[in-house]
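A structural walkthrough
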Amino acid sequence: SARCFLEYPTIGTSLEFTVGEHPLHNFRMIERHYFRDILIKSYDFTMPFVMPHSNNTWEVIYTMPELDPDLKAAIVASPWETRSDSFYFVQDRLVMHNKADYNYAPQ
């Protein structure tokens, strides 16, 4: 259930991507999670080098933030009001930006 998801101390994700003819130097992902206007957690990951002409899987283990019980209840009671922004950089240049909305309400 959604309530259980918010209780996990860690979660894992996997990002698959392909690199073209040029290598990537200093590939960085910054991910920020918000509930309404409250920053819940910010993550920052860097891969110093990614080979050209490669298929890659970037696995990340996230440490979940400890949430105040009232905030957790508000998140569960407010579907789609929890959001994330993911920014991807190569050599400090933004190359992609993803947004996502989340629903932690019980099914």
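Scroll up to find the structure.
Residues numbered from 1 in each chain as written. Predicted model: local features only at pLDDT ≥ 70, side-chain atom pairs only at ≥ 80, totals over all residues. Heavy atoms only, no water.

Summing up its helical and strand segments, the protein chain has two helices and six strands in all. For the protein chain, the sequential pattern of α-helices and β-strands runs α-β-β-β-β-α-β-β. Dimensions of the protein chain along its principal axes, counting C-alpha atoms only, are 50 × 25 × 20 Å. Counting over 107 residues, the protein chain shows a buried share of 36%. (Helix = DSSP H or I, 4+ residues; strand = E, 2+ residues; numbered from the N terminus. Buried < 20%, exposed > 50% of the residue type's maximum accessible area, 1.4 Å probe, protein only.)

Attention now goes to the packing of aromatic side chains. The full count for this structure, using the stated rule, is 10 aromatic pairs. Both rings, one in phenylalanine 27 and one in tyrosine 88, keep their centres 6.4 Å apart while their planes meet at 25°; by these two values the pair is stacked. Separated by 61 residues along the polypeptide, phenylalanine 27 in strand β2 (residues 24-35) and tyrosine 88 in strand β5 (residues 82-90) bring together distant segments of the chain. Given the relative accessible area of 5%, tyrosine 88 is considered buried. (Phe/Tyr/Trp six-rings, centres within 6.5 Å; stacked < 30°, edge-to-face > 60°.)

Looking at where proline 9 falls in the secondary structure, it is placed in the loop between α1 (2-7) and β1 (10-19). In this structure proline 9 comes out as exposed when scored by relative accessible area, which is 60%. Counting along the chain gives 54 residues from proline 9 to threonine 63, while the straight-line C-alpha distance between them is 6.1 Å. If we ignore the near neighbours within four places in the chain, the residues touching proline 9 are Tyr62, Thr63 and Met64. (Contact = heavy atoms within 4.5 Å.)

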